[in-house]
Amino acid sequence: MKLKGKVALNPRMDAAASNSTMPYFDALLRRLAENEPDAQLAFGRHVHWGYWTDPEQATGTAEDYAVAAEAMCRETCDAADLRHGLRILDVGCGFGGTIASLNERFRNVDLLGINIDPRQLARARHLVQPRRGNRIRFVEGNACALPFAAGMFDVVLAVECIFHFPSRDDFFAETARVLVEGGRLVISDFVPAPETAATLHDYSAGEGGIVERTYGKVDFFCTLQRYQELAELAGLQNLGSRPITPHTLPTFIFLRKHHRASPVPEEARRFDRATMRLEVASRMGWLDYTILRFQKPRRLAARA
Ligand SMILES: C[S@@+](CC[C@H](N)C(=O)[O-])C[C@H]1O[C@@H](n2cnc3c(N)ncnc32)[C@H](O)[C@@H]1O
């Protein structure tokens, strides 16, 4: 990937203009437009949790966070058994960080990112250029109504975004449609423990819905059992899941520090409180950061 310096996004392309329902992205885009160094480093490429092989080694710096965010991207992508020459769709692609990483690692790949927020896509298009032999496109659209023909992709990725989508059922149906037979879907999501669903529900709705007022609509209530049902309904095979919460926990230390450094005091307080709620849910084991894998089965060849 070729990264072109710092990107000065038009701050006038604001939340109202894009109908944004994700206050955390409004704040991040503003801090990036102001060229805040830690925001650039930690969230200029990926906007997701970090992965530390050894969480004890986390240093709490923006540099360390950027390395951990790239490691999370790789942990997720590698669950899709990628190789050169594939057609890969990254749904909810953010600033194009996953596409950028794949572009650096694989040859002769078709990489397509889709996102509902044109401000993020503008940044992605500016930052990510295809290596020779690769092809990259960023498209505006909804994960639940994919503007692509059937069987267009070998792999669909949804990195830390499915909880925002209007409907997981629609996303699964759409993914099953656009995948080739044998194609794979990999998702990273916060998966609730079934026995603590009620506690989690009450807790995340606390302080006047502070989690939603910060992170927008987030549905953290899809259990592994429900994922199994979604896969069956869509005709996908469940290839299993990998819980990785302990490897992600240093995220909270950095994220809360980042939020508290916001120059807008009300925002600093609210974002810190909302993130603290997610931290408690994760440390208590109510929510498990999980990588999930699915496959579209190959139809058996008709017998002669
Ligand atoms: C936490 S960010 C993750 C971004 C990116 N996957 C990454 O890992 O850096 C969640 C992303 O989901 C996108 N998103 C939310 N709702 C969406 C929808 N209905 N369709 C497509 N993208 C959506 C947001 O705009 C945002 O980019």
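Quick notes on the rules
Residues numbered from 1 in each chain as written. Predicted model: local features only at pLDDT ≥ 70, side-chain atom pairs only at ≥ 80, totals over all residues. Heavy atoms only, no water. Buried < 20%, exposed > 50% of the residue type's maximum accessible area, 1.4 Å probe, protein only. Helix = DSSP H or I, 4+ residues; strand = E, 2+ residues; numbered from the N terminus. Pairing = 2+ DSSP bridges. Right-handed = clockwise from strand over helix to strand, strands pointing away. Phe/Tyr/Trp six-rings, centres within 6.5 Å; stacked < 30°, edge-to-face > 60°. 1 Å grid on protein atoms, 1.4 Å probe; cavity = no way out; pocket = protein on both sides within 12 Å on 5 of 7 lines; lining within 4 Å. Points joined across faces, edges and corners; volume = space filled by probe spheres on them. Nonpolar A, V, L, I, M, F, W, Y, C, P; charged D, E, K, R; others polar. Axes fitted to C-alpha atoms, helices over the stretch in contact; angles between N-to-C directions. Parallel < 35°, antiparallel > 145°, perpendicular 65-115°, else oblique. Left-handed = near helix turned anticlockwise from the far one by under 90°. Contact = heavy atoms within 4.5 Å.

Novice: Which parts of the structure should I look at to understand the pairing of strand 2 (residues 110–115)?
Specialist: Where a strand is regular, its side chains alternate between the two sheet faces. Of all the six residues making up strand 2, five are buried; the element is thus mostly covered by neighbouring parts of the structure. Judged from the five bridges that link them, strand 1 (residues 87–91) and strand 2 form a sheet pairing that is parallel. Bridge pairing in strand 2 links aspartate 90 to glycine 113. You can see the chain leave strand 1, run along helix 4 (residues 97–105) and come back into strand 2, and the turn it takes is right-handed. As paired elements, strand 2 and strand 3 (residues 135–140) share six bridges and run parallel to each other. The partner of aspartate 110 across the bridge, within strand 3, is arginine 135. One crossover worth recording links strand 2 to the parallel strand 3 by way of helix 5 (residues 118–127), and it is right-handed.

Novice: Got a minute to help me understand the packing of aromatic side chains in this structure?
Specialist: Any two aromatic rings considered together are summarised by their centre-to-centre distance and by the angle between their planes. The full count for this structure, using the stated rule, is 20 aromatic pairs. Between phenylalanine 43 and phenylalanine 254, the aromatic rings sit 6.0 Å apart at their centres with planes inclined by 45°, giving tilted as the arrangement. Of this pair, phenylalanine 43 sits in helix 2 (residues 37–43) while phenylalanine 254 sits in helix 11 (residues 250–260); the two residues are 211 residues apart in sequence, bridging distant segments of the chain. Residue classification places phenylalanine 43 among the buried positions, given a relative accessible area of 5%.

Novice: Where do I start with empty space enclosed by the protein in this structure?
Specialist: Once rolled over the atoms, a probe with the size of a water molecule shows which space is left empty. Tallying each qualifying case throughout the model produces two cavities of 30 Å³ or more. Counted as a void, the largest cavity has a volume near 290 Å³. As for the largest cavity, its lining consists of 21 residues, and the residues nearest its centre are Tyr24, Val47, Trp49, Tyr215 and Leu255. At the level of secondary structure, the elements contributing two or more residues to the lining of the largest cavity comprise helix 1 (23–33), helix 11 and helix 12 (265–283). With four residues, helix 1 is the single largest residue contributor to the lining of the largest cavity. Split into classes, the residues belonging to the lining of the largest cavity amount to 15 nonpolar, three polar and three charged. The calculated volume of the second largest cavity comes to roughly 30 Å³. Around the second largest cavity, the lining residues are Leu200, Tyr203, Ser204, Val211, Phe220, Arg277, Leu278, Ala281 and Leu287.

Novice: I would appreciate a short explanation of the packing of helix 6 (residues 168–178) against helix 9 (residues 224–234) in the present structure.
Specialist: Geometrically, a packed helix pair is captured by the angle between its two axes and the distance between the axes. For the pair helix 6 and helix 9, interaxial distance at closest approach is 9 Å and the crossing angle is 45°. Comparing their axes, helix 9 and helix 6 come out oblique. As helix 6 packs across helix 9, the resulting crossing turns out to be right-handed. Taken together, the residues of helix 9 that come into contact with helix 6 (itself represented by Arg168, Asp169, Phe172, Ala173 and Ala176) are Arg226, Tyr227, Leu230, Ala231, Leu233 and Ala234. Counted by class, the contact of helix 6 with helix 9 contains eight nonpolar, no polar and three charged residues.

Novice: Which parts of the structure should I look at to understand the pairing of strand 4 (residues 153–159)?
Specialist: Summarising burial for strand 4: seven of the seven residues are buried, a large majority. In terms of strand pairing, strand 1 meets strand 4 through four bridges, oriented parallel. Its bridge partner being in strand 4, aspartate 90 is matched across the sheet by leucine 157. Judged from the six bridges that link them, strand 4 and strand 5 (residues 179–192) form a sheet pairing that is parallel. Within strand 5, the position partnered with valine 159 by the bridge is serine 188. Between strand 4 and its parallel partner strand 5, the chain crosses via helix 6, and the hand of that crossover is right-handed.

Novice: Is there a simple way to explain the environment of phenylalanine 25 in this structure?
Specialist: Among the secondary structure elements, phenylalanine 25 is positioned in helix 1. Residues phenylalanine 25 and tyrosine 227, spaced 202 residues apart in sequence, show a C-alpha to C-alpha distance of 27 Å. In contact with phenylalanine 25, other than residues within four places in its own chain, are Val47, Phe95, Arg119 and Gln120.

Novice: Please explain the layout of surface pockets as it appears in this structure.
Specialist: Roughly 590 Å³ of internal volume is contained in the largest pocket. Put simply, the parts of the chain that give the lining of the largest pocket at least two residues each are helix 1, strand 1, helix 4, strand 2 and helix 5. Among the residues forming the lining of the largest pocket, the class breakdown is 14 nonpolar, 15 polar and six charged.

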